[in-house]
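# Coordinate analysis (summary)
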Amino acid sequence: GPKLFQYVVKVLVQSVQLLYTLLRIDQPSYILLQQNPPGLPSIAVAWVAGLFWRSKLIIDWHNYGYTIMSLSHGRNHPLVLIAKWYEKLFGRLSDYNLCVTDAMKEDLWVNCNIKAVTLYDKPAAYFKETPLDLQHRLYMKLARDYEPFRAGAEPVDSSAERSAFTERDGRDGPVVQSRGRPALLISSTSWTEDEDFSVLLKALEDYERFIEEGAKLPALVCVITGKGPLKDYYNGLIKKLHLKHIQICTPWLEAEDYPLLLGSADLGVCLHKSSSGLDLPMKVVDMFGCCLPVCAIHFECLHELVKHDENGLIFRDSGELAQQLKMLFWEFPTLEGKLHRFRQNLRTSTEPRWDESWDQTVLPLLGHKE
C-alpha cells in the first residue's frame, strides 16, 4: 500500500507490542524513555503505561524526531507537522525531563513549555587510551580482513609480527610502533543525511595534493566505521578516488573493538550536523573518553562539547578541514605541536564519567541523597 498507510500501520503495531510488554513487567517506580528520538509511538505508550502503573515518566531528550524526519520529507510535510505536535503535546505530560545541552534545555522551555535538566552525555569507563600491546593485537586482527592494516612487507623472521602501525620481534618481544608508520584517522557514522562525508573525502584529496607538493606529512589510514542506508553510496565515491598516500576502509567493527580502535587512533573526525542544532555527537564524547583529539564540523551548540583550539578544532568546510589536517600532522609523529597538546589537555581533564554524572545530576532530581 501507500507509504503513509505503511507508516500508520507500523506505528499502530509498535504501539500494541510496546504497551503489551510494559504492562507485563513488574510495577516500576519510574519509566525512563532513553532516548528520544525515536519518540513515536514510545512517548505516548510510556505515558499510558505510567498511568496504569502509577509510575513517574522520565524523558531523556537527545534531539527532536520531527527535525530528523524533516531531513527527508521537508519541514512542512504533514507527517513532520504531526510529529512536531505529538512531541510537544506528550512531552508536556512527563514528570521529569533530561536533555543533552543547555541549548536544548532553553528550547524545550521556550517553545514547548517543558522544564528540563541538562545531563551531558559522558563516556563509559571502557572508553580509554589503548595500551600498545592491545593496539598491536587489534591491528593484527583487523589486518586479516582489511588491507590498510597490513604491513607493507612481511617480516624476515617467521616468529615476528608486523602490522602497518606496530611490530613485535618474536612472540614474547616488546611491541613497538613501526618507523614511518601512517597516521590513523577515524570517524564513525550511521551513514544518514545529517552527515555529509563528501566533506571529508574532498579534504583527503586536498591532503593528498599537499603531499604531492612536498609537504612533510605522513601517509594516512582513514577508517570510517558504522553501517546505514548511504554506506553503499559513499563507498562508490571512495572507489572513484585515486589516492596514493591515503587508504580508506569502512569496516563494521565488533562492539568490543570500537573503543580499542578509538583509543589507538591519532585523530578523530566528526561530520555530525544536528538536525535541530541542539544535540551533541556521542561519537565525540567517546573519542574524548579515549583522549583522542577531534576535528568537528560546526553547528550552533557544538561549543558545549568541543573547545576550539583546546581539545580539538572546529571547521566549516572541506578546505578548512584539509588545512587543519595539514597543520596537525606536520612532521608526524613528533611529540610537539597542537595534536600532542590537545591529547595532553584531554588526559588532564577532570570531566566525570557516565556513572558519576548520573549520580550527581539525576539522583537529586528524583529525591535520592545517595
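Residues numbered from 1 in each chain as written. Predicted model: local features only at pLDDT ≥ 70, side-chain atom pairs only at ≥ 80, totals over all residues. Heavy atoms only, no water.

A few words now on the pairing of strand β12 (residues 294-297). Side chains of β12 alternate between two faces, with Val294 and Ala296 and Cys295 and Ile297 buried alike. In this view, the connection linking strand β11 (residues 267-270) to its parallel neighbour β12 by way of helix α10 (residues 282-289) has right-handed handedness. With four bridges joining them, β12 and strand β13 (residues 312-315) adopt parallel strand pairing. By the bridge assignment for β13, valine 294 is matched with glycine 312. (Buried < 20%, exposed > 50% of the residue type's maximum accessible area, 1.4 Å probe, protein only. Helix = DSSP H or I, 4+ residues; strand = E, 2+ residues; numbered from the N terminus. Right-handed = clockwise from strand over helix to strand, strands pointing away. Pairing = 2+ DSSP bridges.)

A word on the packing of aromatic side chains. As enumerated under the stated definition, the model contains 18 aromatic pairs in all. Ring centres 5.6 Å apart and planes at 15° place the aromatic pair tyrosine 64 and tyrosine 66 in the stacked group. Tyrosine 66 shares its class with tyrosine 64; the two are buried. Ring centres of tyrosine 139 and phenylalanine 165 lie 4.7 Å apart, and the angle between their planes is 35°; on these two criteria the pair is classed as tilted. You can see tyrosine 139 sitting in helix α6 (residues 132-143) and its partner phenylalanine 165 sitting in the loop between β5 (161-162) and β6 (166-168), a full 26 residues away along the chain. Between the NZ or CZ atom of lysine 326 and the centre of the ring of phenylalanine 210, over which it lies, the distance is 4.6 Å. (Phe/Tyr/Trp six-rings, centres within 6.5 Å; stacked < 30°, edge-to-face > 60°. Lys NZ or Arg CZ within 6 Å of the ring centre and 35° of its normal.)

Our next topic: the sheet that holds β5. Pairing is antiparallel across the open sheet formed by three strands, whose spatial order is β5-β6-β7. In this open sheet, the two strands that pair with only one neighbour each are β5 and β7 (175-177). Relative to β6, β5 runs antiparallel, the two sharing two bridges. Considered in β6, the bridge of glutamate 161 is made with arginine 168.

With an omega dihedral of 10°, the bond running from leucine 40 to proline 41 counts as a cis peptide bond. Mapped onto the secondary structure, proline 41 falls in the loop between β1 (30-36) and α2 (42-53). The omega angle of the peptide bond from phenylalanine 332 to proline 333 is 5°, so this bond is cis rather than trans. Relative to the assigned elements, proline 333 resides in the loop between α11 (318-328) and α12 (338-347). If you check the backbone angles, arginine 54 has positive phi at about 60° while not being a glycine. Within the secondary structure, arginine 54 sits in the loop between α2 and β2 (56-61). According to the relative accessible area criterion, arginine 54 is exposed, its value standing at 80%. Residue cysteine 291 is not a glycine yet carries a positive backbone phi of 60°. For cysteine 291, the position within the fold is in the loop between α10 and β12. A relative accessible area of 11% means that cysteine 291 is categorised as buried.

This part takes up the nonpolar core. Leu185, Leu200, Leu204, Ile248 and Phe329 are the most contacted members of the largest nonpolar core, which totals 37 residues. Take this core: its biggest share by element is eight residues, from helix α7 (residues 198-212). Excluding its chain neighbours within four sequence positions, the residues that come into contact with leucine 185 are Leu200, Leu204, Val221, Cys222, Val223, Leu267, Val269, Leu325 and Phe329. Core analysis: the next-biggest nonpolar cluster, separate from the first, contains 36 residues, Tyr139, Ala164, Leu253 and Ile314 among them. (Core = buried A, V, L, I, M, F, W, Y, C linked by side-chain atoms within 4.5 Å. Contact = heavy atoms within 4.5 Å.)

Let us now look at a nonpolar patch on the surface. Together, Leu4, Val8 and Leu12 make up an exposed nonpolar region whose accessible area comes to about 280 Å². If you trace the backbone, leucine 4 turns up in helix α1 (residues 3-24). (Patch = residues over 30% accessible without salt bridge, like charges linked within 9 Å, V, L, I, M, F, W, Y side chains within 5 Å. Areas by Shrake-Rupley, 256 points an atom, 1.4 Å probe, with all protein chains shown as cover. Salt bridge = Lys/Arg side-chain N within 4 Å of Asp/Glu carboxyl O.)

A few words now on the pattern of salt bridges. In the structure shown here, the tally under the stated rule is 17 salt bridges. With a closest N to O distance of 3.4 Å, glutamate 213 and arginine 209 form a salt bridge. For glutamate 213, a relative accessible area of 57% gives the class exposed. When its relative accessible area of 39% is taken as the criterion, arginine 209 is described as partly exposed. Salt bridges here are not isolated pairs; linked through shared partners, they connect Lys202, Asp206, Arg209 and Glu213.

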